[in-house]
Number of protein chains: 2
Amino acid sequence: MTAPAKRPGRRPGSADTRGEILDAARAEFASRGFEKATMRGIARAAGVDSALVHHYFGSKDQVFLAAMDFPIDPATVLEVAAGDPSAVGERVARFVVTLWETPQARERLLAVVRTVASNEEIAALVRGFARPRLVVPLAARVGGPDAETRVEMALAQIIGLAMARYVIRVEPIASLGAEELVGLLAPALQRLLTS
Amino acid sequence: MTAPAKRPGRRPGSADTRGEILDAARAEFASRGFEKATMRGIARAAGVDSALVHHYFGSKDQVFLAAMDFPIDPATVLEVAAGDPSAVGERVARFVVTLWETPQARERLLAVVRTVASNEEIAALVRGFARPRLVVPLAARVGGPDAETRVEMALAQIIGLAMARYVIRVEPIASLGAEELVGLLAPALQRLLTS
């Protein structure tokens, strides 16, 4: 979370405009939270016109994802979860494992986990984004009693497995092949998401 | 994770100086993480001279190992897992939730999670400890195919749930009562540990 870089008079389109918008966005999200932050406020903090922020990022969600360097767009997760409920665990597991096994995406995911674990401000930001954008709509899709709780248990299983495999790197989990990992995660997610 | 308790020439400090240093260290590690905590900071929090901390433990790593010794005693986990296999999920869930809901134990556990996430050396320490002392004997007790993998999935579910509830603090998981939490975790662990 860097300081609010207010730089009026910058020319829209300088090589670093995008980076300056992201700096401003991080400060804005940090001080107001995801829900209350606005595209206009971010633009003002960056000293650019709102239209330019829309031009670069399209939506507040996309600014947030870029500012956090978050490699998963919840909208994609929701698409993956749609479709035949009897195979939702398999689809989500395959999506997650494919991301993990892509080194660049994995590094970015682990960076988020590390930052959240050590920084309450970032934890609050992630909380303020994850609930309305991921947990609530995914629970609506999944349905059934206690859907939000079960969705969070599934996310917890995913986060915990990532920590065990890529952070602690304990065997045998650390050395499983991608397909074995999908085979391990899929039934656990299936039970949580369709109980 | 035992610490070489070197206690020559007692004296500088009360009978409980070592315990007070460990209490201070736990608070310091919990709030700052392993990397940023300092021997000086721990000494200051304990109200003793840095030299005394060095005298008792030798290094920050040794203080950390001693401070981590307690919160999860693998022998206790193995005892909890023993007995009727049809209720192992319930017993382990209740044990884990009881620990979490004890503020001091929770603080110590979260310090471990934070430190493991940000420090490869500590991750290696935890990995080198967790496998022979926890995963392997627990898998032997649990039995069945892929027991080690399933034990690690169960540990991953536990770690992930702790992160969701106490670090990210996302609702509704963050506000569940202890009994609800046991009711949520028990069946997930039961399936993983007895598949």
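Conventions used here
Residues numbered from 1 in each chain as written. Chains lettered and ligands numbered in written order. Predicted model: local features only at pLDDT ≥ 70, side-chain atom pairs only at ≥ 80, totals over all residues. Heavy atoms only, no water. Salt bridge = Lys/Arg side-chain N within 4 Å of Asp/Glu carboxyl O. Helix = DSSP H or I, 4+ residues; strand = E, 2+ residues; numbered from the N terminus. Buried < 20%, exposed > 50% of the residue type's maximum accessible area, 1.4 Å probe, protein only. pLDDT = per-residue confidence, 0-100. Bend = angle between axes of the 7 residues up to and from the residue. Contact = heavy atoms within 4.5 Å. Polar contact = N/O pair within 3.5 Å; in protein donor to acceptor, adjacent residues only side chain to side chain. Buried area = accessible area lost by both parts, 1.4 Å probe. Core = buried A, V, L, I, M, F, W, Y, C linked by side-chain atoms within 4.5 Å. Phe/Tyr/Trp six-rings, centres within 6.5 Å; stacked < 30°, edge-to-face > 60°.

Caption draft 1: A look at the pattern of salt bridges. Residues and elements named next belong to chain A. Across all of its chains, the model carries 16 salt bridges over all chains by this definition. When the shortest N-O distance is used, the salt bridge between Arg-94 and Glu-179 registers 2.6 Å. Residue Arg-94 is located in helix H6 (residues 88–100), and its partner Glu-179 is located in helix H10 (residues 178–194); the two are separated by 85 residues in the primary sequence. A relative accessible area of 52% places Glu-179 in the exposed class. Where Arg-165 meets Glu-101, a salt bridge forms, and the shortest distance between an N and an O atom there is 3.0 Å. Of the two residues, Arg-165 sits in helix H9 (residues 147–168) while Glu-101 sits in the loop between H6 and helix H7 (103–118), which places them 64 residues apart along the sequence. Shared partners join several salt bridges into a network, and the residues in it are Glu-90, Arg-94 and Glu-179.

Caption draft 2: Local environment of the confidence of the model for chain A. Per-residue pLDDT for chain A has a mean of 89; in total, 92% of the residues score no lower than 70. Scored by ipTM, the complex comes to 0.83, with pTM at 0.79.

Caption draft 3: Looking closely at helix H8 (residues 120–142) of chain A. Ala-130 of chain A marks the point of greatest bend in H8 of chain A, at about 50 degrees, and the proline Pro-132 of chain A comes within the next four residues. Buried within H8 of chain A we find Ile-122, Ala-123, Leu-125, Val-126, Phe-129, Ala-130, Leu-134, Val-135, Leu-138 and Ala-139 of chain A. Residues of H8 of chain A that are buried in the fold lie against helix H1 (17–36), helix H4 (60–67), helix H5 (74–81), H7 and H9 of chain A together with helix H9 (147–168) of chain B. Of the residues that open H8 of chain A, the one with a side-chain oxygen 2.9 Å from the backbone nitrogen of Glu-121 of chain A is Asn-119 of chain A. Downstream of H8 of chain A by a residue or two, Gly-143 of chain A has a phi angle that is positive, lying close to 70 degrees.

Caption draft 4: Spatial organisation of the interface of chain A and chain B. Listed as interface residues are 34 residues of chain A and, on the opposing side, 34 residues of chain B. Counting each side, the surface lost to burial between chain A and chain B is near 3,200 Å², with a carbon and sulfur contribution of 69%. Three residues stand out in chain A for area buried against chain B, namely Ala-117, Met-153 and Ile-168 of chain A, and they jointly supply 18% of the buried area on that side. Here Arg-169 of chain B ties to Glu-120 of chain A by a salt bridge, and the two come within 3.5 Å at their closest N and O atoms. Our enumeration of links across chain A and chain B arrives at 10 residue pairs in polar contact (both at pLDDT 80 or more).

Caption draft 5: Region of the structure containing the nonpolar core. Counting 145 residues, the largest nonpolar core has Phe-29, Trp-100 and Leu-185 of chain A together with Val-63, Trp-100, Val-116 and Leu-185 of chain B as its most contacted members. Look past the residues within four positions of Trp-100 of chain B in its chain and what remains in contact with it is Arg-106, Leu-109, Ile-158, Leu-161, Ala-162, Tyr-166 and Leu-181 of chain B.

Caption draft 6: Representation of the packing of aromatic side chains within the structure. Considering all chains together, one arrives at 9 aromatic pairs over all chains under this definition. An angle of 70 degrees between the planes, with centres 5.1 Å apart, marks the rings of Phe-34 of chain A and Phe-64 of chain A as edge-to-face. Placement of Phe-34 of chain A in helix H1 and of Phe-64 of chain A in helix H4 is noted, with a sequence separation of 30 residues between them. Ring geometry for Tyr-56 of chain B versus Phe-57 of chain B: centroids 6.2 Å apart, planes at 40 degrees, classification tilted. What makes Tyr-56 of chain B buried here is its relative accessible area of 4%. A connected cluster of aromatic rings, assembled from ring pairs, spans Phe-29, Phe-34, Phe-64 and Phe-129 of chain A.

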